[in-house]
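Summary of the model geometry
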Amino acid sequence: MAKLMCFGRVTADLELRESVRKEPYVRFSLAENLGYGETARTQYYQVWAWGHLAKNLVKRKVRKGSLIWVSGSLELEEYTRNDGKTHDKRLKLKLGDWDYIPASQSKPECGVPQSEPAVPVGMVDGEREALPE
């Protein structure tokens, strides 16, 4: 099982739904900025939250544009596009935990490149530095 922790912006307002088994859930896309300058790109994750996590997201007013961090189990999911013929894959995250990013630590809007990415002290930025052997 792959674990993921990332942060990004929610791409649409959340809608609390109920499964066939009467369990509340939400599904939304999260846009994460990767790289900087000319190599900047956006990666999208399909996030699923169930039960109390789903209710908490809605209660705390997460909506389109909210900057949040998420962590959970990552899966590569195959699906059929709306045309009914084309098969594709997407990254799906089963939410384990989340919270808002404080405004003082926020990153630029999605699609706006940064001048220098923040890399925690002691971490290697694999896009700019050689990885240790």
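Below is a short write-up of the structure. Keep in mind that this is a model prediction, so the values were computed, not measured.

**Things to note about the pairing of strand β6 (residues 87-100)**
Alignment of strand β4 (residues 41-50) against β6, held across three bridges, turns out to be parallel. Paired with Q46 across the bridge in β6 is K92. As judged from the 13 bridges shared by strand β5 (residues 67-80) and β6, these two strands associate in the antiparallel manner. Each residue of the ladder has a partner; that of E77, found in β6, is R90.

**Details of the side chain of S73**
Its location among the elements puts S73 in strand β5. Leave out the neighbours within four places in its chain, and S73 touches M1, A2, K3, K92, L93 and K94.

**Some words on the packing of aromatic side chains**
Applying the stated criterion across every chain yields a total of four aromatic pairs. Ring geometry for W48 versus W50: centroids 6.2 Å apart, planes at 15°, classification stacked. Every member of this aromatic cluster is reached through a ring pair, and the members are Y25, W48 and W50. Taking NZ or CZ as reference, R90 lies 4.2 Å from the ring centre of Y79, over its face. The ring centre of W48 lies 4.9 Å from the NZ or CZ of K92, which sits over that ring.

Reading guide: rules and limits
- Residues numbered from 1 in each chain as written.
- Predicted model: local features only at pLDDT ≥ 70, side-chain atom pairs only at ≥ 80, totals over all residues.
- Heavy atoms only, no water.
- Pairing = 2+ DSSP bridges.
- Helix = DSSP H or I, 4+ residues; strand = E, 2+ residues; numbered from the N terminus.
- Contact = heavy atoms within 4.5 Å.
- Phe/Tyr/Trp six-rings, centres within 6.5 Å; stacked < 30°, edge-to-face > 60°.
- Lys NZ or Arg CZ within 6 Å of the ring centre and 35° of its normal.

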